[in-house]
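A closer look at the structure
The residues making up each chain are set out below.
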Amino acid sequence: MGRIADNLARIRETLPAGVTLVAVSKFHPAEALMEAYGAGQRVFGESRPQELAAKYRELPKDIEWHMIGHLQTNKIKYIAPFVSLIHSVDSLKLAEAIDKEAAKAGRVLDVLLQLHVAQEETKFGWDAAELEHFLQEKILMRLEHIRVRGLMGMASLTDDMSQVRDEFRTLRHAFEAFREKYLPEMDILSMGMSGDYPLAVEEGATMVRIGSSIFGARAY
Ligand SMILES: *Cc1c(COP(=O)(O)O)cnc(C)c1O
């Protein structure tokens, strides 16, 4: 087995049934993705729309492509016709723009709402109160070409694992509360990356986004 296949096997062994592994392949060449594909991986995550679209064109058509990075409204058109899940919806403006592009493509797009739970100012996402307002007022539910499947979040980049755990727990509590009150059909909680996914799984993640532990360091 090659190194990437090895890494995938090792990670899959630790994931409970029902947790989906998104292989985060941003900045890695098509050959690296093909090695993962050869090892059975079919779900890939990318953070830049044009790179995602180029890989979609080049690689096998049974791959499920996930957009995981911050998305600008003028770039949605590159991915709307084929993307499987957008993890990073962090504003009403973006949700409305995705709805519009999805309508043009004749699709209903699955999305996750990105919640800001980290201490860092720089990470994108709604704050919980703001998001709750839009859910309460049913503003997001009026967009007929998006389907909210769940929440996504990123923990702080810190060695303090109790803080990371607290942030994942905050995310799960928001997920459960919003599901109960507003969106009973939500079924995806996307949290956990290479450095912290075991904690995320313990705290209830149903989807993890893992890059460097599979593909190695990224060459930017
Ligand atoms: C890059 C990225 C990941 C993967 O990070 P690794 O530390 O390489 O596993 C996960 N989620 C998001 C949103 C990312 O941008």
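Presented here is an overview of the structure given in this document. Just so it is clear, the model here is predicted, and its values are computed rather than measured.

What counts and how
Position numbers for residues count from 1 along each chain, tracking the sequence in the order it is written. Local features in this predicted model are restricted to residues of pLDDT 70 or higher, and side-chain atom pairs are both shown and tallied only at a pLDDT of 80 or more, whereas totals for entire chains, interfaces and linings draw on every residue. Note: side-chain values were computed over all heavy atoms of the structure, leaving out hydrogens and water. A run of H or I in DSSP becomes a helix once it reaches four residues, and a run of E becomes a strand once it reaches two; helices and strands are each numbered from the N terminus. Any helix carries an expected span of 1.5 Å times its number of residues minus one. Only protein chains enter the accessibility calculation, which uses a 1.4 Å probe; a residue whose area is less than 20% of its type maximum is buried, one above 50% is exposed, and one in between is partly exposed. Arc definition: directions from the helix axis to the C-beta atoms. Throughout, a residue-residue contact means that at least one pair of heavy atoms, one from each residue, lies within 4.5 Å. Neighbouring residues are identified by heavy atoms, a residue being near a molecule or strand if any of them is within 4 Å of it. In protein, a polar contact means a hydrogen-donor-capable atom and an acceptor-capable atom, both N or O and within 3.5 Å, with residues adjacent in sequence counting only if both atoms are side-chain atoms; elsewhere, any N or O pair within 3.5 Å suffices. Working definition of accessibility: Shrake-Rupley area with a 1.4 Å probe, residue cover restricted to the visible protein chains. When residue character is reported, Ala, Val, Leu, Ile, Met, Phe, Trp, Tyr, Cys and Pro are called nonpolar, Asp, Glu, Lys and Arg charged, and the others, Gly included, polar. Here the rule is simple: two strands pair whenever DSSP picks up at least two bridges between them. For the handedness criterion, the strands are oriented away from the viewer, and a crossover whose path from the first strand over the helix to the second runs clockwise is classed as right-handed. Only protein atoms enter the 1 Å grid, on which a cavity is a set of points fitting a 1.4 Å probe that cannot get out and a pocket is an open set with protein on both sides within 12 Å along at least 5 of 7 lines, lining residues being those with an atom within 4 Å of a point. Grid points are joined across faces, edges and corners, and a volume is the space filled by probe spheres set on the points.

The next thing to look at is helix α1 (residues 3-14). An ideal rise of 1.5 Å per residue puts 16 Å on twelve residues; α1 measures up with 17 Å between its terminal C-alpha atoms. For α1, the full list of buried residues reads I4, A5, N7, L8 and I11. For α1, the angular spread of buried residues about the axis comes to 160 degrees, placing them on one side. Next to the buried residues of α1 lie β1 (20-24), α2 (30-38), α7 (197-202), β8 (207-210) and α8 (212-215).

Turning next to the site of the ligand. By nearness alone, every residue bordering the ligand is listed as V24, K26, I68, M152, M154, M193, S194, R209, I210, G211, S212 and R218. A distance of 2.6 Å is found between an oxygen atom of the ligand and a side-chain nitrogen or oxygen belonging to S194. In this structure, R209 approaches the ligand through a side-chain N or O atom, which is 2.8 Å from a nitrogen atom. Protein coverage of the free-state accessible area of the ligand, which is 390 Å², stands at 90%. Within the shell around the ligand, the residues separate by chemical class into six nonpolar, three polar and three charged.

Of all five residues making up strand β4 (residues 85-89), five are buried, and the element is well covered by its neighbours. The pairing of β4 with strand β5 (residues 109-114) spans two bridges and is parallel. Counterpart to V89 in the pairing with β5 is L113. What joins β4 to β5 is helix α4 (residues 92-104), and the crossover it makes is right-handed.

Positionally, E46 belongs in strand β2 (residues 43-46). Taking the relative accessible area as the measure of exposure, E46 reaches 0% and is therefore buried. Looking at E46, its side chain comes within polar contact range of the main-chain nitrogen of K26, at 3.5 Å. Excluding anything up to four places from it in sequence, E46 contacts S25, K26, F27, L33, E51, L52, K55, W65, H66, M67, I68 and G69.

A word on the layout of surface pockets. Put simply, the largest pocket is a space of about 600 Å³. Lining the largest pocket we find 27 residues, and of these K26, K123, M154, M193 and R209 sit closest to its centre. Residue assignment for the lining of the largest pocket shows that the elements contributing at least two residues are α6 (161-181) and β8. Here the lining of the largest pocket is built from residues that sort into twelve nonpolar, ten polar and five charged.

Moving on to unusual backbone geometry. Although it is not a glycine, F27 adopts a positive phi angle of roughly 70 degrees. Mapping F27 onto the fold places it in the loop between β1 and α2. Although it is not a glycine, K138 sits at a positive phi angle of roughly 55 degrees. Structurally, the position occupied by K138 is in the loop between α5 (128-136) and β6 (146-152). Residue K138 is classed as partly exposed on the basis of its relative accessible area of 44%.

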